[in-house]
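In case you want the letters, here they are:
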Amino acid sequence: MVPRESFEKIKFLKIIFYSLFLIYILYLLYDLFRGDSGRYVWTIFAIALVLIPFAFEKYSGMYFPWEIKIIVVLSLLLHTMGEFHRWYYTLTHYDKISHIISSIGIAYLIFLFLILIELYYGLKWKSNQAVFFIIIITISFALYWEWWELFSDHYYGSKFFWDMQDGIGDAIANSAGAVVAAWDANHYLKRRSEVDIAKDFIMQDENRWHKIRWGILPIENDKVTKEEKKRISHGGAKGGPTASLED
Amino acid sequence: MTSGLWFDFIVGSCIILIPLAILIVTIARALSLKYEALAQRIAKLNSAYRLITNDRDDSPINSIMIELDEQDNKLIKNSAKEIEAGNCSKGGEIKGIINNDCALAVKKTISIRMAEQMLLAQKIKFFRLYSITTYLLIIISMGILPALVYAGFNWRWK
């Protein structure tokens, strides 16, 4: 996780995100041009999923980190590319890479949910508690996914679950993704205090409306420096870390 | 996948429903503990206020009879200083916190904590409502396709 005061890194992450998004749009245009309705409907659905974090930011007043947006778009793009180029069927371990990236994405979304709970209710998660929930819920989602493949094959005649070896391999790949995200979350929680986390995730509040809803606010023992005020007034930090400290 | 549709469905659903239930119960427990702790803090502040107004204690900051929360103590100190500074705004100096300032400061702290408690109570109420609704919606959404199979809807994946 990159702290929000690292403006240069955030700029770099934005470039990556928009590049991946552009690639996605190109795939959609190609499918639309060819009139392949079986695929472009799913691509439009996936693009709508990619845009959900922006809607979440707008309506919740909570910052959705760019690295998580990148992982969301990348996991969906890998799936689209895998079907488009038939890589799922021709490249041996392509499926596993897709599973790892997707499970990292899900684990980060769970981490974000835990942060939301922490900030909204003012509950402090211990890092081992957060790690436990990130791992246990991501793995349960992953196992449910594998179970669902098996269930669908049995009752609806699909062919998702190839064999037990492949299923176990997928589950291991998912678990590895969960462990990677949990390790990063643990590192982040140990490094940042409650006030830092609030600064990292609570958006700029121009109308003071969002302030009342948060249980933890970055207002105690803290002041806006002149440099930060200047940066905010120049629009360098829209939704910047110290914007809510001004009053 | 040979033990019957509903058995398969229940086994699969439990994979996801049990960890979610653990998470919801953990959050609900932490919230009720927080609410209780806040209620205790308010009770202690009320006792401190009674002690000051009955002239049995000069300042809750130095009190040994009631151990106030560290944050509350800090808030009372700051509020009392602000009140004193407000009283001396016409060029006077802050000489020290007097009993009356302290009583007002404690009263102010009580009102802040009570507002916090009310907000938390409202949040807990909505958490219960939303978590139960979401949990039921997850169960229903997972049960739609097995229900269709049970109803004889013979849909096959192309």
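Residues numbered from 1 in each chain as written. Chains lettered and ligands numbered in written order. Predicted model: local features only at pLDDT ≥ 70, side-chain atom pairs only at ≥ 80, totals over all residues. Heavy atoms only, no water.

(A) Structural context of the packing of helix α5 (residues 94-121) of chain A against helix α6 (residues 127-156) of chain A. All names here are of chain A. Put simply, α5 and α6 touch, their axes get as near as 9 Å, and they point 135° apart. With respect to α6, the axis of α5 lies oblique. You can see that α5 and α6 cross each other, and the crossing is right-handed. Mapping the contact onto sequence places His99, Ser103, Ile106, Ala107, Ile110, Phe111 and Leu114 in α5 and Ala130, Phe133, Ile134, Ile137, Thr138, Phe141, Trp145 and Glu146 in α6. (Axes fitted to C-alpha atoms, helices over the stretch in contact; angles between N-to-C directions. Helix = DSSP H or I, 4+ residues; strand = E, 2+ residues; numbered from the N terminus. Parallel < 35°, antiparallel > 145°, perpendicular 65-115°, else oblique. Left-handed = near helix turned anticlockwise from the far one by under 90°. Contact = heavy atoms within 4.5 Å.)

(B) Local environment of the packing of aromatic side chains. Across all of its chains, the model carries 23 aromatic pairs over all chains by this definition. Ring centres 5.5 Å apart and planes at 70° place the aromatic pair Phe17(A) and Trp66(A) in the edge-to-face group. Of the two residues, Phe17(A) sits in helix α1 (residues 7-34) while Trp66(A) sits in helix α3 (residues 66-84), which places them 49 residues apart along the sequence. Of the two residues, Phe17(A) and Trp66(A), neither departs from the other in class, the shared state being buried. In this structure an aromatic cluster arises from ring pairing among Phe17(A), Tyr18(A), Phe21(A), Phe54(A) and Trp66(A). Positioned above the aromatic ring of Phe54(A) is the side chain of Lys69(A), whose terminal nitrogen or guanidinium carbon lies 4.4 Å from the ring centre. We note Lys123(B) situated over the ring of Tyr120(A); from NZ or CZ to the ring centre the distance is 4.2 Å. (Phe/Tyr/Trp six-rings, centres within 6.5 Å; stacked < 30°, edge-to-face > 60°. Buried < 20%, exposed > 50% of the residue type's maximum accessible area, 1.4 Å probe, protein only. Lys NZ or Arg CZ within 6 Å of the ring centre and 35° of its normal.)

(C) The packing of helix α2 (residues 37-60) of chain A against α3(A), seen in detail. Residue and element names in this part refer to chain A. In contact at an axis separation of 10 Å, α2 and α3 are set at 175° when each is read in the N-to-C sense. In this view, α2 runs roughly antiparallel relative to α3, as classed from their interaxial angle. Between α2 and α3, the residues in contact are Arg39, Thr43, Ala46, Leu49, Val50, Pro53, Phe54 and Glu57 and Trp66, Lys69, Val72, Val73, Leu76, Thr80, Glu83 and Phe84, respectively. Considered class by class, the residues forming the contact of α2 with α3 number ten nonpolar, two polar and four charged. (Nonpolar A, V, L, I, M, F, W, Y, C, P; charged D, E, K, R; others polar.)

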